[in-house]
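# Fold and geometry: a report
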Amino acid sequence: MFATLGTMNALIPFLLFFPALLLFAALLCIAFIISNIIADKKGAPYVRSHNNKIKTMIEVGRIKPGEVVVDLGSGDGSLLIAAARAGATCRGIEINPFMVWRSRSLIKRSGVQNNITIIKGNFFTAPIADADVVFVYLWPHTTQNLLQKFAQELKPNARIVSNLFPIPQWTPYEERNMIFGYYPPHYARKSN
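Quick look at the structure, then.

### Quick look at the pairing of strand β7 (residues 179-182)
Both faces of β7 are covered, namely the face carrying Ile179 and Gly181 and the face carrying Phe180 and Tyr182. Where strand β6 (residues 174-176) meets β7, 3 bridges bridge the pair, whose relative direction is antiparallel. Residue pairing for β7: Glu175 is matched across the bridge by Phe180. In this structure, the hairpin formed by β6 and β7 is closed by a connection of 2 residues, where Asn177 is found at a positive phi of approximately 50°.

### Observations concerning the sheet that holds β6
Strand order in the open sheet made by the 7 strands is β3-β2-β1-β4-β5-β7-β6, with mixed pairing throughout. The open sheet has two edge strands, β3 (116-120) and β6, and neither has a second partner. Taking each pair of neighbouring strands and ignoring which way they run, the sheet shows an average axis angle of 15°. Sheet analysis places strand β1 (residues 68-72) next to strand β4 (residues 133-136), joined by 4 bridges and oriented parallel. Bridge assignment links Asp71 to a residue of β4, and that residue is Phe135. In the packing of helix α5 (residues 140-153) onto the sheet, the strands contacted are β1, β4 and β5 (159-163), and the crossing angle to β4 comes to about 170°.

### A short note on the pattern of salt bridges
Throughout the structure, instances matching the rule amount to 10 salt bridges. For Arg48, the salt bridge goes to Asp76, with nearest N and O atoms at 3.4 Å. Taken as a pair, Arg48 in the loop between α1 (2-42) and α2 (51-61) and Asp76 in the loop between β1 and α3 (78-85) lie far apart in primary sequence, 28 residues in all. Of the residues examined, Arg48 reaches a relative accessible area of 40% and is grouped as partly exposed. Residue Asp76 is classed as buried on the basis of its relative accessible area of 5%. Notably, a salt bridge pairs Lys55 with Glu59, separated by 3.5 Å at the nearest N-O pair. Taken together, the positions of Lys55 and Glu59, both in helix α2 and 4 residues apart, correspond to about one turn of that helix. A single network of salt bridges, built from pairs that share partners, joins Lys55, Glu59, Arg62, Glu174 and Arg176.

Each value, and the rule that gives it
Residues numbered from 1 in each chain as written. Predicted model: local features only at pLDDT ≥ 70, side-chain atom pairs only at ≥ 80, totals over all residues. Heavy atoms only, no water. Buried < 20%, exposed > 50% of the residue type's maximum accessible area, 1.4 Å probe, protein only. Helix = DSSP H or I, 4+ residues; strand = E, 2+ residues; numbered from the N terminus. Pairing = 2+ DSSP bridges. Axes fitted to C-alpha atoms, helices over the stretch in contact; angles between N-to-C directions. Contact = heavy atoms within 4.5 Å. Salt bridge = Lys/Arg side-chain N within 4 Å of Asp/Glu carboxyl O.

Okay, here's the thing in structure tokens:
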């Protein structure tokens, strides 16, 4: 009987802690789902690109050492890690706080954290004027909403690399395995 009471006394903290842990996990899952829904509405849900796609995007982007790469909806940062390893200075814009945390963690473990900045924010308002290459893996309607921004803000000879979805109005300079590289047309820039 005494051994049973001792065992029960040892289980009490666990029995109190376990429901709290389950509640925390459930709340974390709900927050993750809500943030993915918001990210989907703002541009696209997180979908990790396979390594062969990342390699192709880097090649189609024609990244040279010292160039600035911006990834709009940077997800887990894998593409930025590859771009940094190619010698670029990189910036990711990500609205999902969970993906911001995850990407910063992966970037730190990759050893290229000095060449990559992750910004939690909305890529529609993020500055891109310094970009030599802009990566997008977004719903087509989201990319359409960015075309004027690209045309007005990007410098001549900047490249846009789109994963999976072509930009119908533009002619790619290269298309390989559903990766499309573009030079955006430049319209009259607004004077400040």
